[in-house]
Amino acid sequence: MIPTSVEILNKDAGALRVASVNVNGIRAAYKRNMADWIAARDVDILCLQEVRAPDKILRDLIGEGWHILHAEAKDKGRAGVAVLSRTAPVAVREHIGEDYFAESGRWVEADFEVNGEVFTVVSAYVHSGELGTQKQEDKYRFLQRMNVRLVELKNEKDHVLVVGDLNVVHTQKDIKNWKPNHNKRAGVMDEEIAYFDGFFGPQIGYKDVARELAGDVQGPYTWWSFRGQAFDNDAGWRIDYHMATPALAAKAIKSHVDRASAYDLRFSDHAPLVVDYQF
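Heads up: these notes are all about the structure in this document. Predicted, not measured: the structure shown is a model, and the values here were computed from it.

**A few points about the pattern of salt bridges**
Part 1: The tally for this structure, following the rule as stated, stands at 23 salt bridges.
Part 2: Between Lys 139 and Glu 192 there is a salt bridge, and its shortest N-O distance comes to 2.8 Å. You can see Lys 139 sitting in helix H4 (residues 134-156) and its partner Glu 192 sitting in helix H6 (residues 190-200), a full 53 residues away along the chain.
Part 3: Classification of Lys 139 by relative accessible area gives buried; the value is 0%.
Part 4: The exposure class assigned to Glu 192 is buried, which follows from its relative accessible area of 0%.
Part 5: A salt bridge links Arg 149 to Glu 156; its shortest N-O distance comes to 4.0 Å.

Shown next as structure tokens:
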């Protein structure tokens, strides 16, 4: 049984399928049949956030057929990001470039060669934050460091993709209940949103791939609280992204959020975001 209402997208010849999902603990996700989703999806590169497990456990669960780049967090049971690929990367970098975040398990980069072109993929997990605490200060510090690293990558390469749980809604279209949350809850603060205005504006110049493919619609959301009736009422947030340089965004042809068909069939509180790129 596939635990999602997966719209199986036929992958065009030459297309590269990249999926990203916050698994909310890889061991728990596999107990909820995440492996069935992977088997059905024909993904070339799979980026994970909140792995929250030692490297050996991740490798044992994922099994054969994948190259695995995994940045664990120093704090056990926290964070952890990974890039899984069917072909080996030609280069890897395991943190965002600031020593403060070196062992945080929140940023990992892999370079691939695709049709003679360098294609950089980043799996990122931005802090969820908590207003009035050090967690929120760390979130702003990480977003500020993203400002620097995104520009560096864009200046170095034409094809850069940053995916993951970035824990900020960019506009009112990205959250069902805007008014009760705006400037009252981490992830919906104007100071956070301003960073995304920069990421996607002329200042830094990345493209919000899923938004551009979906158009000016509400959602589609990628996260719903496990609490209450959020999932059943589709009271979600769109906080998982594919951020691409313009040359790469132009190659994006299909996007889909693999939302589970029922609450009890979810393997995480996030749904995978799947995008096909035509090289």
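**What to know about the sheet that holds strand S8 (residues 159-165)**
Part 1: Pairing is mixed across the open sheet formed by six strands, whose spatial order is S5-S6-S7-S8-S10-S9. Both edges of this open sheet fall to strand S5 (91-93) and strand S9 (207-208), since each of them pairs with a single strand only.
Part 2: The pairing of strand S6 (residues 107-114) with strand S7 (residues 117-125) spans eight bridges and is antiparallel. Paired with Val 108 across the bridge in S7 is Ser 123.
Part 3: Contacts from H4 reach S5, S6, S7, S8 and strand S10 (240-244) within the one sheet, and its direction differs from that of S6 by about 20 degrees.
Part 4: Here H6 sits on the sheet and contacts S9 and S10; the angle it forms with S10, its principal contact strand, is near 35 degrees.

**Examining unusual backbone geometry**
Part 1: Cis geometry marks the peptide bond from Gly 219 to Pro 220; its omega dihedral reads -5 degrees.
Part 2: Within the secondary structure, Pro 220 sits in the loop between helix H7 (209-214) and S10.
Part 3: A positive phi angle is found at Asn 33, which is not glycine, with a value near 75 degrees.
Part 4: Within the secondary structure layout, Asn 33 lies in the loop between helix H1 (26-31) and helix H2 (34-41).

**Thoughts on the packing of aromatic side chains**
Part 1: Counted under the stated rule, the structure contains 14 aromatic pairs.
Part 2: Both rings, one in Trp 107 and one in Phe 142, keep their centres 6.2 Å apart while their planes meet at 65 degrees; by these two values the pair is edge-to-face. Here the residue Trp 107 occupies a position in strand S6, and Phe 142 occupies one in helix H4, the gap between them amounting to 35 residues. By the burial criterion, Trp 107 is buried, and Phe 142 matches it.
Part 3: Judged by centre distance (6.5 Å) and plane angle (25 degrees), the rings of Tyr 140 and Tyr 195 are stacked. Linking Tyr 140 in helix H4 with Tyr 195 in helix H6, this pair joins segments that are 55 residues apart in sequence. Each member of the pair Tyr 140 and Tyr 195 is classed as buried.
Part 4: Through pairs of rings, three or more aromatic residues link up here, namely Tyr 100, Phe 101, Trp 107 and Phe 142.
Part 5: Note that Arg 141 overlies the ring of Tyr 100, its terminal NZ or CZ placed 3.8 Å from the centroid.
Part 6: Residue placement shows Arg 259 over the ring face of Trp 224; its charged tip is 5.0 Å from the ring centre.

**Examining the layout of surface pockets**
Part 1: Taken as a whole, the largest pocket holds about 1000 Å³ of empty space.
Part 2: Around the largest pocket, the lining is made up of 36 residues, and of these Arg 78, Tyr 125, His 127, Ser 128 and Gly 129 lie nearest the centre.
Part 3: It is H4 that contributes the most residues to the lining of the largest pocket, four residues altogether.
Part 4: The class makeup of the residues in the lining of the largest pocket is ten nonpolar, eleven polar and 15 charged.
Part 5: When its volume is computed, the second largest pocket comes out at roughly 150 Å³.
Part 6: Lining the second largest pocket are 14 residues; nearest its centre among them are Ala 53, Pro 54, Glu 72, Lys 76 and Gly 77.
Part 7: Class assignment of the residues belonging to the lining of the second largest pocket gives a composition of four nonpolar, three polar and seven charged.

**Looking at the sheet that holds strand S1 (residues 15-22)**
Part 1: What the six strands build is an open sheet, ordered S3-S4-S2-S1-S12-S11; its pairing is mixed. Each having just a single partner strand, strand S3 (67-71) and strand S11 (252-257) make up the two edges of the open sheet. Averaged over all adjacent pairs, the angle separating strand axes in this sheet is 15 degrees, with direction ignored.
Part 2: Relative to strand S4 (residues 81-85), S3 is paired through five bridges, and the arrangement is antiparallel. Of the residues in S4, the one forming a bridge with Ile 68 is Leu 84.
Part 3: Sitting on the sheet, helix H3 (residues 55-62) is in contact with strand S2 (45-49), S3 and S4, with an inclination near 150 degrees to S3.

**Some thoughts on the side chain of His 70**
Part 1: Here His 70 is to be found in strand S3.
Part 2: Classification of His 70 as buried rests on a relative accessible area of 9%.
Part 3: A distance of 3.0 Å separates the side chain of His 70 from the side chain of Asp 55, its partner in a polar contact.
Part 4: Residues contacting His 70, with those up to four places away along its chain left out, are Val 51, Ala 53, Pro 54, Asp 55, Leu 58, Val 81 and Ala 82.

Rules of the game
Residues numbered from 1 in each chain as written. Predicted model: local features only at pLDDT ≥ 70, side-chain atom pairs only at ≥ 80, totals over all residues. Heavy atoms only, no water. Salt bridge = Lys/Arg side-chain N within 4 Å of Asp/Glu carboxyl O. Helix = DSSP H or I, 4+ residues; strand = E, 2+ residues; numbered from the N terminus. Buried < 20%, exposed > 50% of the residue type's maximum accessible area, 1.4 Å probe, protein only. Pairing = 2+ DSSP bridges. Contact = heavy atoms within 4.5 Å. Axes fitted to C-alpha atoms, helices over the stretch in contact; angles between N-to-C directions. Phe/Tyr/Trp six-rings, centres within 6.5 Å; stacked < 30°, edge-to-face > 60°. Lys NZ or Arg CZ within 6 Å of the ring centre and 35° of its normal. 1 Å grid on protein atoms, 1.4 Å probe; cavity = no way out; pocket = protein on both sides within 12 Å on 5 of 7 lines; lining within 4 Å. Points joined across faces, edges and corners; volume = space filled by probe spheres on them. Nonpolar A, V, L, I, M, F, W, Y, C, P; charged D, E, K, R; others polar. Polar contact = N/O pair within 3.5 Å; in protein donor to acceptor, adjacent residues only side chain to side chain.

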